[in-house]
Number of protein chains: 2
Amino acid sequence: MDTKSLLIETATILFQEKGYKTVGLNEILKASNVSKGALYHHFPDGKEELLITCLHALKEDITTDIEAIFSKHLTTKDAIISTIDTLINSFEKRGTITGYTFSSIVSEMATMSEPVRKACSELYENIERIYCAKLLSDGFSDETAVSVSLLLTASIEGAMMLCLTKQSTNPLKTIAEQLPNLLEKL
Amino acid sequence: MDTKSLLIETATILFQEKGYKTVGLNEILKASNVSKGALYHHFPDGKEELLITCLHALKEDITTDIEAIFSKHLTTKDAIISTIDTLINSFEKRGTITGYTFSSIVSEMATMSEPVRKACSELYENIERIYCAKLLSDGFSDETAVSVSLLLTASIEGAMMLCLTKQSTNPLKTIAEQLPNLLEKL
DNA sequence: GTCTATACGGTGATAGAC
DNA sequence: GTCTATCACCGTATAGAC
């Protein structure tokens, strides 16, 4: 793999696991066996440019993954359960959730850097768009679809936070039980 | 006010607004007009001890505030709407949410420091306990009350994250519309 | 209890050889 | 394109006077 891709890949994992400020350039460099000079060659604006590039790459990956899950299931209900299952598995394997969340980056950087905030915003919008499309195909009205897709995104993101805090997958499991309730009874 | 309380108060606000790593000791000291020597007199273990103390104080404050709101309303539905309204007002006034969330600290520190993780965990448990008690008094079963109180906590926390990202209060407003739906149709 | 001055490590970033 | 050496700066933490 080329140096730039390697940098993006390792940095993405580290940022997701530990947040932005916590991860130093040296840590990324050591983990990827790349020199400081090479990094600044590919990312002249340094750490923040690297982060934004990571977020863009992450957007593509997440979109692809969730779309794959959603195309495999007929209803939003089934697709959401399957999505949450994937998150639970990821959490049980790695202890942290990588690949789907970036809450640490949002809460650290949303108020500090406008470009980063925008990149995060686009990411959430993409996720909501997928949920929304499925809800529409389920037969929900435009308005409900938009509202519910936001509620789904919020509750999943919040549940991941609770999983991190309680160091348990129970929060995700609980909402996986409760959310279908909501989707059926609309 | 005594130095120690002043330190806790200003640090709490800054940590909530900007996260843990982002806020330097110097920034806290300058904002509170306290010297470095005084800080290390009151908090010999430094920054992390200060953070944990802040989280404990925050737990008391949040518990008191939410309990006050919940005692003013008859049903969980009304109480939750009122709670979310408070959050929306706070967000519209200050631009960031202080006083109720600490997501930045959770996502930054949960995997890094066990004592901090524990303090955050206690905070969430307190909030969920209040929700749960009200749900029981609404007549829900034990099991549903526990599950729903977790879903409420998760969706509110997640919605605040989305508000931060989108720089809008719409996410909170949307879930304020959707959650009653869930509470009625159980 | 509070102050100032200082220590020391690590940070992001740059320069220049190859 | 990649390396090493070096930069200035800021972080937390400490020491000792008052």
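Further up the page is the structure itself.
Computed from a prediction, not measured in an experiment: that's the story for all the values here.

Further remarks concern the relation of the copies chain B and chain A. You can overlay chain B on chain A at an RMSD of 0.0 Å; the transform is a turn of 180° with a shift of 0.0 Å along its axis. In short, the pair behaves as if placed about a two-fold rotation axis. The share of interface residues of chain B whose copies in chain A are also at the interface is 100%, consistent with both copies meeting through the same surface.

Residue and element names in this part refer to chain A. Counted by the stated rule, this structure contains 12 salt bridges over all chains. For Lys-77, the salt bridge is made with Glu-184, and the minimal N-O distance between the two is 3.1 Å. Here the residue Lys-77 occupies a position in helix α5 (residues 76–94), and Glu-184 occupies one in helix α9 (residues 170–184), the gap between them amounting to 107 residues. Among the salt bridges present, the one from Glu-114 reaches Arg-117, with a minimum N-O distance of 2.4 Å. With a gap of 3 residues between them, Glu-114 and Arg-117 both fall in helix α7 (residues 114–138), about one helical turn apart. Note on Arg-117: relative accessible area 10%, which makes it buried.

Okay, the interface of chain B and chain A next. Each partner contributes to the interface: chain B provides 46 residues, whereas chain A provides 46 residues. Area buried by chain B at its contact with chain A is led by Met161(B), Thr165(B) and Gln178(B), which between them contribute 14% of it. If you look at where chain B meets chain A, you find 2 salt bridges. The residue Glu128(A) makes a salt bridge to Lys166(B) at a minimum N-O spacing of 2.8 Å. Our count for the contact surface shared by chain B and chain A stands at 7 residue pairs in polar contact (both at pLDDT 80 or more). Every element with two or more residues in the side of chain B that touches chain A is listed here: α1 (3–18), α6 (103–109), α7 (114–138), α8 (142–166) and α9 (170–184) of chain B. By residue number, the principal contributor to the side of chain B that touches chain A is α8(B), which donates 16 residues. Per-class residue counts for the side of chain B that touches chain A are 18 nonpolar, 17 polar and 11 charged.

It is worth spelling out the protein's contact with DNA strand C at this point. With respect to spatial proximity, 14 residues lie near DNA strand C, and among them Leu25(A), Tyr40(A), Thr3(B), Ser35(B) and His42(B) are the closest. Each atom of DNA strand C within 4 Å of the protein was classed as base or backbone; sugar and phosphate made up 57%. With respect to DNA strand C, the side chain of Lys47(A) contributes an N or O atom lying 2.9 Å from a phosphate oxygen. Only α2 (25–32) and α3 (36–42) of chain A together with α3 (36–42) of chain B provide two or more residues apiece to the surface near DNA strand C. At 4 residues, the largest contribution of residues to the surface near DNA strand C is made by α3(B). Its residues placed into classes, the surface near DNA strand C shows 4 nonpolar, 8 polar and 2 charged.

Thresholds, definitions, all that
- Residues numbered from 1 in each chain as written.
- Chains lettered and ligands numbered in written order.
- Predicted model: local features only at pLDDT ≥ 70, side-chain atom pairs only at ≥ 80, totals over all residues.
- Heavy atoms only, no water.
- Least-squares fit on C-alpha atoms with pLDDT ≥ 70 in both.
- Contact = heavy atoms within 4.5 Å.
- Salt bridge = Lys/Arg side-chain N within 4 Å of Asp/Glu carboxyl O.
- Helix = DSSP H or I, 4+ residues; strand = E, 2+ residues; numbered from the N terminus.
- Buried < 20%, exposed > 50% of the residue type's maximum accessible area, 1.4 Å probe, protein only.
- Buried area = accessible area lost by both parts, 1.4 Å probe.
- Polar contact = N/O pair within 3.5 Å; in protein donor to acceptor, adjacent residues only side chain to side chain.
- Nonpolar A, V, L, I, M, F, W, Y, C, P; charged D, E, K, R; others polar.
- Near = heavy atom within 4 Å.

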